[in-house]
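Here's the letter readout for the chains.
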Amino acid sequence: MVGDGLFYNCGKLIQIDGLENVSYSENFSFSSLFNNCYKLAKVDFKGNIPSRDMNATGMFNNCYNIRSITFGTTISINASSMFNNCYLLKEVDIENIVLSNAVSSINLMFSNCCSLECIDISHWTMPNTITGLNSLFSGCTNLKSFKLPNDISNIISFDYLFSGCKSLEEIDLSNYTFNDSQSITFNYTFNNRYIMFF
């Protein structure tokens, strides 16, 4: 696809200006767009990003230094490892992200985002194509609170979902709808200490 890994391995890239002036073709892919841009600190698309379904797999993977990401418009994504290893990420435009009906995976999407303290993805509708939330927030060591979509009845694998989230103190699962017709795996889901469930 056009655009795959466009800035891949630009390890010294710190800032990108003018993204609002870029015109994205229908077949442009955002997969691994900034993958391994270790020093990139901020990205603001200023709303100039397609609202269509887009492949954002690994889009900001290994952007260790990035602190803020703004989309400015609603985007529909396939997002495995999208923000994986964004250690300093504190602000991400979650309210403008929805899941594509064709999304295949969101595993590792926020894995090792060590600076995230709270995240709310309750507005997401989980398509039938997603059956696992594996390692979605694993390694988010400062995560204190979260909200998942209420209906997660399609999900049968929660492996490592909150593994290493050592700042989580309370987890309320009472409002969630789980799948009761299939075997569900929770391998190392809360691989942690000092968590109170209610």
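Keep in mind that this is a model prediction, so the values were computed, not measured.

Here's the deal with the sheet that holds strand β5 (residues 91-92)
No. 1: Pairing is parallel across the open sheet formed by three strands, whose spatial order is β1-β3-β5. Each edge of the open sheet is held by one strand with a lone partner, namely β1 (42-44) and β5.
No. 2: Strand direction decides the pairing type here: strand β3 (residues 68-70) and β5, joined by two bridges, are parallel. If you follow I69 over to β5, its bridge partner there is V92.

Details of the pattern of salt bridges
No. 1: All told, the structure shown has one salt bridge when counted by the stated rule.
No. 2: In this structure, the salt-bridge partner of K46 is D44, at a minimum N-O distance of 3.6 Å.
No. 3: On the accessibility criterion, K46 (52% relative accessible area) is exposed.

Section: a nonpolar patch on the surface
No. 1: Taken together, the side chains of Y38, Y64 and Y87 make up a nonpolar region of the molecular surface, amounting to roughly 260 Å² of accessible area.
No. 2: Mapping Y38 onto the fold places it in the segment before β1.

A short note on the environment of H123
No. 1: Residue placement: H123 occurs in the loop between β7 (118-120) and β8 (145-147).
No. 2: Along the primary structure H123 and F83 are separated by 40 residues, whereas in three dimensions their C-alpha atoms are 19 Å apart.
No. 3: What H123 contacts, discounting residues up to four positions off in sequence, is I94, E95, I97 and V98.
No. 4: A polar side-chain atom of H123 sits 2.9 Å from the main-chain carbonyl oxygen of I97.
No. 5: Polar side-chain contacts of H123 include one of 3.4 Å to the side chain of W124.

So, the sheet that holds strand β4 (residues 75-78)
No. 1: Taken in spatial order, the three strands make up an open sheet running β2-β4-β6, and their pairing is parallel. Unpaired on one side and paired on the other, β2 (53-55) and β6 (97-99) mark the two borders of the sheet. Taking each pair of neighbouring strands and ignoring which way they run, the sheet shows an average axis angle of 45°.
No. 2: Summarising the sheet, β2 and β4 pair through three bridges and their orientation is parallel. Across the sheet, D53 pairs through a bridge with S76, a residue of β4.

Things to note about the packing of aromatic side chains
No. 1: The final tally for this structure, using the stated rule, is 15 aromatic pairs.
No. 2: Measuring from centroid to centroid gives 6.4 Å for F30 and F45, while their planes differ by 75°, and the two rings are edge-to-face. Of this pair, F30 sits in the segment before β1 while F45 sits in the loop between β1 and β2, and the two are 15 residues apart along the sequence. Considered together, F30 and F45 belong to a single accessibility category, that of buried residues.
No. 3: With centroids separated by 5.3 Å and ring planes inclined at 20°, the aromatic side chains of F34 and F60 adopt a geometry described as stacked. Highlighted residues: F34 in the segment before β1 and F60 in the loop between β2 and β3, separated in sequence by 26 residues. Across the pair, F60 and F34 agree in class, each one buried.
No. 4: Taken together, the aromatic side chains of F7, F34, F60, F83, F110, F137, F146, F162 and F190 make up a single cluster linked through ring pairs.

Rules behind the numbers
Residues numbered from 1 in each chain as written. Predicted model: local features only at pLDDT ≥ 70, side-chain atom pairs only at ≥ 80, totals over all residues. Heavy atoms only, no water. Pairing = 2+ DSSP bridges. Helix = DSSP H or I, 4+ residues; strand = E, 2+ residues; numbered from the N terminus. Salt bridge = Lys/Arg side-chain N within 4 Å of Asp/Glu carboxyl O. Buried < 20%, exposed > 50% of the residue type's maximum accessible area, 1.4 Å probe, protein only. Patch = residues over 30% accessible without salt bridge, like charges linked within 9 Å, V, L, I, M, F, W, Y side chains within 5 Å. Areas by Shrake-Rupley, 256 points an atom, 1.4 Å probe, with all protein chains shown as cover. Contact = heavy atoms within 4.5 Å. Polar contact = N/O pair within 3.5 Å; in protein donor to acceptor, adjacent residues only side chain to side chain. Axes fitted to C-alpha atoms, helices over the stretch in contact; angles between N-to-C directions. Phe/Tyr/Trp six-rings, centres within 6.5 Å; stacked < 30°, edge-to-face > 60°.

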